[in-house]
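Understanding the architecture of this molecule
Here's the letter readout for the chains.
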Amino acid sequence: YEKESVLTGKVVSALIYPMVVIGLFIVVAIVMVVVVFPQIGPIFEESGVQLPFFAGFLVAAANFVGSWWPALLVVVIAAVIIALDYLQTQEGRAFWDDLKVRLPIFNRIYVPLSISRFANASSVLLNGGVPVSQAMEIVSHTVDNIFYQDLIHEAAEAVRRGESLSQALAKHPDYFPELVPQMLVIGENTGQLGKVFVRLANFYNREADSVIGNLVDLIQPMLMIGIGILVAALFASILIPLYQLTSSIQ
């Protein structure tokens, strides 16, 4: 938990400045759409100046929002309430837990952290003399993902039936990468399963830390470039039509 807290803090601190800039951009965009474009739209219509696609889209959006904003507000609030209520259900939680494992970038962080927690708890129990099947049952309650809980519980049942832990986990490569059962085979053959879990925990801790470090280094410049493009498009949607309007008047 301490390790995850440090990693989370690193990501949050890296996102503070970009989030502030994005928030300011959203405020400016709302003011432009709600206040500015409804004022200048009729001018261009009367002058017969053809608006660029993006500017025309913003004008249409401004008119739509201005006419239907109470209904849109109700729809947004209702959608948020429904989504939050759905995520509190068993089905909604299962959907969210599965999404965390399958999202292309997010899973590069979430899977290593989950395996690290699983390996840390397993090493403590096994080095303390707890049998493998009982240790897996206990560990299944330490992870916060329904699918990991079920898979680790199934692994415990497989061990009771005489199957090895490595074989049980190798059936689920999306949740337990190939390295995990391979390392566990070594631990089972040498009688050092607890020490192997320590190695796995350290490895996946470093992997998660490395991925987060790389993402932190990339997130800020990528967000700033994206925001710059959006700001340029927003102001170009005003300046280009104004230039065309002044040119037509001359």
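The numbers attached to residues start from 1 for each chain and follow its sequence in the written order. Local features in a predicted model are, by the rule used here, given only for residues with pLDDT of at least 70; side-chain atom pairs are given and counted only at 80 or more, and totals for whole chains, interfaces and linings are based on all residues. In computing side-chain properties, one takes all heavy atoms of the structure into account and sets aside hydrogens as well as water.

**Observations regarding the overall build of the protein chain**
Regarding its fold elements, the protein chain presents nine helices and zero strands. We count a stretch as a helix when DSSP gives it H or I for four or more residues in a row; a strand needs E for two or more, and each element gets its number in order from the N terminus. In sequence order, the secondary structure elements of the protein chain are arranged as α-α-α-α-α-α-α-α-α. For every residue, the accessible area (1.4 Å probe, protein chains only) is compared with the maximum for its type, and the residue is labelled buried under 20%, exposed over 50%, or partly exposed between those bounds. A buried classification covers 34% of the 250 residues belonging to the protein chain. What makes two residues a contact is simply this: any of their non-hydrogen atoms within 4.5 Å. Put simply, 69% of the contacts in the protein chain that link residues at least 6 apart link residues at least 24 apart. Note on areas: Shrake-Rupley with a 1.4 Å probe; residue coverage comes only from the protein chains shown. As displayed, the protein chain has an accessible area near 14900 Å², and 68% of this comes from carbon and sulfur atoms.

**Thoughts on the packing of aromatic side chains**
Stacked, tilted and edge-to-face are the three classes assigned to paired rings of Phe, Tyr and Trp, where Trp is represented by its six-membered ring and a pair needs centres within 6.5 Å; plane angles under 30 degrees give stacked, over 60 edge-to-face, the rest tilted. Under the criterion given, the structure shown has seven aromatic pairs. Summarising the aromatic geometry, the rings of Tyr148 and Phe176 are spaced 5.4 Å apart at their centres and angled 85° between planes, so their arrangement reads as edge-to-face. Of this pair, Tyr148 sits in helix α6 (residues 146–160) while Phe176 is found in the loop between α7 (165–170) and α8 (179–190), placing the two residues 28 residues apart along the sequence. On the basis of relative accessible area, Tyr148 is assigned to the buried category, the value being 1%. Judged by its relative accessible area of 1%, Phe176 falls in the buried class.

**Looking at helix α3 (residues 90–102)**
Expected helix span is computed as 1.5 Å times (number of residues minus one). Taking 1.5 Å per residue, 13 residues should reach 18 Å; α3 reaches 18 Å between its end C-alpha atoms and fits that length. Every buried residue belonging to α3 is among Gly92, Ala94, Asp97, Lys100 and Val101, and all of these are buried.

**Some remarks on the pattern of salt bridges**
Whenever a carboxyl oxygen of Asp or Glu lies within 4 Å of a side-chain nitrogen of Lys or Arg, that contact is scored as a salt bridge. Within the structure shown, the criterion is met by eight salt bridges. Linking Lys100 and Asp97 is a salt bridge whose minimum nitrogen-to-oxygen distance equals 3.2 Å. Here Asp97 and Lys100 lie together in helix α3, a separation of three residues that amounts to about one turn. Ionic contacts of the salt-bridge type, sharing partners, join the residues Arg93, Asp97 and Lys100 into one network.

**Looking at a nonpolar patch on the surface**
Each patch is built from salt-bridge-free residues with over 30% relative accessible area, joining like charges within 9 Å and nonpolar side chains (Val, Leu, Ile, Met, Phe, Trp, Tyr) within 5 Å. Taken together, the side chains of Val76, Val80, Leu84, Tyr86, Leu87, Phe95 and Trp96 make up a nonpolar region of the molecular surface, amounting to roughly 650 Å² of accessible area. Of all elements in the fold, only α2 (53–88) and α3 reach the threshold of two or more residues within the nonpolar patch. With five residues, α2 is the single largest residue contributor to the nonpolar patch. Topologically, Tyr86 is positioned in helix α2.

**Details of the side chain of Glu137**
Along the chain, Glu137 falls in helix α5 (residues 132–139). Overall, the relative accessible area of 18% leaves Glu137 in the buried class. When residues no more than four places from it in sequence are discounted, the contact partners of Glu137 are His153, Ala156, Glu157 and Arg160.

**Overview of the nonpolar core**
The set of buried Ala, Val, Leu, Ile, Met, Phe, Trp, Tyr and Cys residues whose side-chain atoms join them within 4.5 Å is what this entry labels a nonpolar core. Counting residues in each nonpolar core, the largest one holds 33 residues, and the members touching the most others are Phe118, Tyr148, Leu165, Phe176, Leu184 and Phe197. Of all the secondary structure elements, the ones that give two or more residues to this core are α4 (107–127), α5, α6, α7, α8 and α9 (193–249). If you look at the next biggest cluster of nonpolar residues, it comprises 10 residues, including Met32, Leu58, Val59 and Leu234.

**Quick word on the packing of α4 against α5**
The description of two helices packed together rests on the angle between their axes and the distance between the axes. The contact between α4 and α5 brings their axes to 9 Å, and the two run at 140°. By the angle class used here, α4 and α5 are oblique. For the crossing formed where α4 meets α5, the hand is right-handed. Listed contacts from α5 to Phe118, Ala121, Ser122, Leu125 and Leu126 of α4 are Val132, Ala135, Met136, Ile138 and Val139. Just so you know the grouping, Ala, Val, Leu, Ile, Met, Phe, Trp, Tyr, Cys and Pro go in nonpolar, Asp, Glu, Lys and Arg go in charged, and all remaining residues, Gly too, go in polar. The residue makeup of the contact of α4 with α5, split by class, is nine nonpolar, one polar and no charged. Each axis is a line fitted through C-alpha atoms, and for a helix only the stretch in contact is used; angles between axes span 0 to 180 degrees, taken between their N-to-C directions. Roughly parallel refers to an angle under 35 degrees, roughly antiparallel to one over 145, roughly perpendicular to one between 65 and 115, and oblique to any angle outside these ranges. For a crossing to be left-handed, the near helix must be turned anticlockwise from the far one by less than a right angle; the clockwise case is right-handed.

**Notes on the environment of Thr8**
One can find Thr8 in helix α1 (residues 2–47). As a C-alpha pair, Thr8 and Ile212 span 204 residues in sequence and 9.0 Å in three-dimensional space.

**A word on the environment of Ile152**
Topologically, Ile152 is positioned in helix α6. Residues Ile152 and His141, 11 residues apart in the sequence, show an inter-C-alpha distance of 9.2 Å.

**Re the side chain of Ser122**
Turning to its location among the elements, Ser122 is positioned in helix α4. Relative accessible area serves as the criterion here: at 0%, Ser122 is assigned to the buried category. Non-local contacts of Ser122, meaning those with residues more than four positions away in its chain, are made with Met136, Val139 and Phe197.

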